[in-house]
Amino acid sequence: RLCQGVNGLEKFVLREIRGSSAEVYLYGGQVTSWKNDLGEELLFLSNKATFSPPKAVRGGISVCFPQVGTHGALEQHGFARNRMWSIDPAPPPFPPNSTNRTYVDLILNLSEEDPKIWPHSCECRLRVTLGPGGDLLLTSRIRNTNADGKTFSFTLAYHTYFRVTDISEVRVEGLETLDYTDNLLEKERFTEQGDAITFESEVDRVYLGTPTKIAIIDHERKRTFVLRKDGLPDAVVWNPWDKKAKAMADFGDDEYKHMLCVEAAAVEKQITLKAGEEWKGRLELSAVPSSYCSGQ
Ligand code: BG6
């Protein structure tokens, strides 16, 4: 199930018996495809995405680690998304009730240069699981393996590009009345006023301390994406809209109409690990008919 993807980069393909599937590239540990059992693609991947290291792949789901956005001294979104990962030869045990699942375990390979920009030793694992109903589950484990006893801190996000039919017809539920910081306004803090979030211009916000469940409703397709998350208290919501879309070389001018990033994240408060400690976070995604979701 490990095969060649674009530009000879290796990818791991997960298939579930009822027809759903997912693809994970070893480059970036990046999920580039998630299809339901009808074969419909659920993630957005730009037509202009380059699979050319060290550029991160535009779309799918990447892990922003050890830094989200510009919240620190590293390059935007940290380095995990543009390093090679490998299949983890010694993954930690998985919960006992999940034996029938299809999954792949990856471990991040830090480059020799990385200690110069981030002077720590860590194990960064990612398990990507395709559930029997086609749900996609990402589980991360970060362990501080510093031999000198040093503590480290990090932020992390699952940078998830959902494929939507028409961004103007999309609603996000679960973030109303929350505080957020606005990346377009120097990270100033606001409180969300509306019922649900809708989109009519560029949005780049970090919602703080969100509920564990967030829903993205794609009206035209009568589909709802449901995100359930643990260990990731915040949520980044991003759509570049037309002007920023034009400025990105690896993103089509009109593609902003068909994507929305809602990123389960730990941003506002850094996660701190003492030497030997481990952190675990998870994101579970399902795509269900909208009628099924209403009233839940
Ligand atoms: C979002 C950020 O998470 O990612 C935005 O909030 C950023 O500010 C976007 O523009 C895309 O980032 P990048 O580095 O993949 O172009």
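Residues numbered from 1 in each chain as written. Predicted model: local features only at pLDDT ≥ 70, side-chain atom pairs only at ≥ 80, totals over all residues.

Visitor: How do you make sense of the overall build of the protein when you look at a structure like this?
Guide: Each helix and strand in the protein was counted, giving three helices and 19 strands. For 296 residues, the compact-globule formula gives about 19 Å, and the C-alpha radius of gyration of the protein, at 18 Å, lands near that figure. With respect to the principal axes defined by its C-alpha atoms, the protein has extents near 50 × 45 × 40 Å. Within the span of the protein, comprising 296 residues, buried residues form 42% of the whole. Looking at the protein alone, contacts between residues at least 24 apart form 66% of all its contacts between residues at least 6 apart. (Helix = DSSP H or I, 4+ residues; strand = E, 2+ residues; numbered from the N terminus. Rg over C-alpha atoms; globule rule 2.2 N^0.38 Å. Buried ≥ 20, exposed ≤ 12 C-beta atoms within 10 Å, placed from the backbone. Contact = placed C-beta atoms within 7 Å.)

Visitor: Which parts of the structure should I look at to understand the site of the ligand?
Guide: Close contacts around the ligand come from Ala56, Gly69, Gln76, His77, His159, Asn183, Asp204, Val236, Trp238 and Glu263, and that covers them all. A per-class count over the shell around the ligand returns three nonpolar, five polar and two charged. (Near = placed C-beta within 6 Å. Nonpolar A, V, L, I, M, F, W, Y, C, P; charged D, E, K, R; others polar.)

Visitor: What exactly am I supposed to notice about the environment of Leu43 here?
Guide: Residue position: Leu43 is located in the loop between β4 (30-35) and β5 (61-64). By the C-beta count within 10 Å, which is 23 here, Leu43 ends up buried. As for Leu43 and His258, which are separated by 215 residues in sequence, their C-alpha atoms are 10.0 Å apart. In this view, Leu43 contacts Val31, Ser33, Trp34, Gly59, Gly60, Ile61, Tyr161, Phe162 and Arg163; residues no more than four positions away in its chain are not counted.

Visitor: Mind showing me how you'd approach the UniProt feature "binding site: substrate" (unreviewed entry) in the protein here?
Guide: Within the UniProt annotation, "binding site: substrate" (unreviewed entry) is assigned to Arg58, Gln76 and Arg81. The largest pairwise C-alpha distance within this set of annotated residues, which runs over 24 residues, is 13.6 Å, so the set is compact in three dimensions. Looking at where Gln76 falls in the secondary structure, it is placed in the loop between β5 and β6 (85-87). The residues touching Gln76, leaving out its near neighbours within four places in the chain, are Gly69 and Thr70. Note that Arg81 resides in the loop between β5 and β6. A tally of 24 C-beta atoms within 10 Å means that Arg81 is categorised as buried. Excluding residues that lie within four positions of it along the chain, Arg81 makes contacts with Gly28, Gln30, Ala56, Ser62, Val63 and Cys64. (UniProt positions renumbered as here; feature names shortened; annotations may be inferred.)

Visitor: Where do I start with the pairing of strand β16 (residues 223-230) in this structure?
Guide: Two faces make up the sheet, and in a regular strand the side chains alternate between them. Judged by how many residues are buried, β16 sits mostly within the fold: six of eight residues are covered. Pairing analysis gives six bridges linking strand β15 (residues 213-218) to β16, with the strands arranged antiparallel. Bridge assignment links Ile214 to a residue of β16, and that residue is Leu227. What sits between the antiparallel neighbours β15 and β16 is a turn of four residues, in which Lys222 has the positive phi angle 55°. Alignment of β16 against strand β19 (residues 278-289), held across eight bridges, turns out to be antiparallel. Bridge pairing in β19 places Arg223 opposite Pro289. (Pairing = 2+ DSSP bridges.)

Visitor: Help me understand the UniProt feature "active site" (unreviewed entry) in the protein in this model?
Guide: According to UniProt, the "active site" (unreviewed entry) feature falls on His159 and Glu263. Across 105 residues of sequence, these annotated residues stay compact in space, with a maximum C-alpha separation of 5.0 Å. Within the element layout of this structure, His159 appears in strand β10 (residues 152-163).

Visitor: I would appreciate a short explanation of the sheet that holds β6 in the present structure.
Guide: Two orientations exist for strands paired in a sheet by backbone hydrogen bonds: parallel and antiparallel. A sheet is described by the order of its strands in space; here eight strands give the open sequence β6-β7-β8-β9-β19-β16-β15-β11, paired in antiparallel fashion. Whereas interior strands pair on both sides, the edge strands pair on one side only; in this sheet they are β6 and β11 (170-173). Neighbouring strand axes in the sheet, compared pairwise and without regard to direction, differ in orientation by 20° on average. Across three bridges, β6 lies against strand β7 (residues 102-108) in antiparallel orientation. Considered in β7, the bridge of Ser86 is made with Ile107. (Axes fitted to C-alpha atoms, helices over the stretch in contact; angles between N-to-C directions.)

Visitor: I tried to follow unusual backbone geometry on my own but got confused; where do I start?
Guide: What is expected of a backbone is that most residues other than glycine have negative phi and most peptide bonds are trans. Pro53 connects to Pro54 through a cis peptide bond whose omega is 10°. Tracing the backbone through its elements, the reader meets Pro54 in the loop between β4 and β5. Cis geometry is found at the peptide bond from Phe65 to Pro66, where omega equals 0°. The phi dihedral of Trp241 falls on the positive side, at around 60°, and the residue is not glycine. Position of Trp241 among the secondary structure elements: in helix α2 (residues 241-247). Looking at Trp241, the number of C-beta atoms within 10 Å reads 16, which means it is partly exposed.

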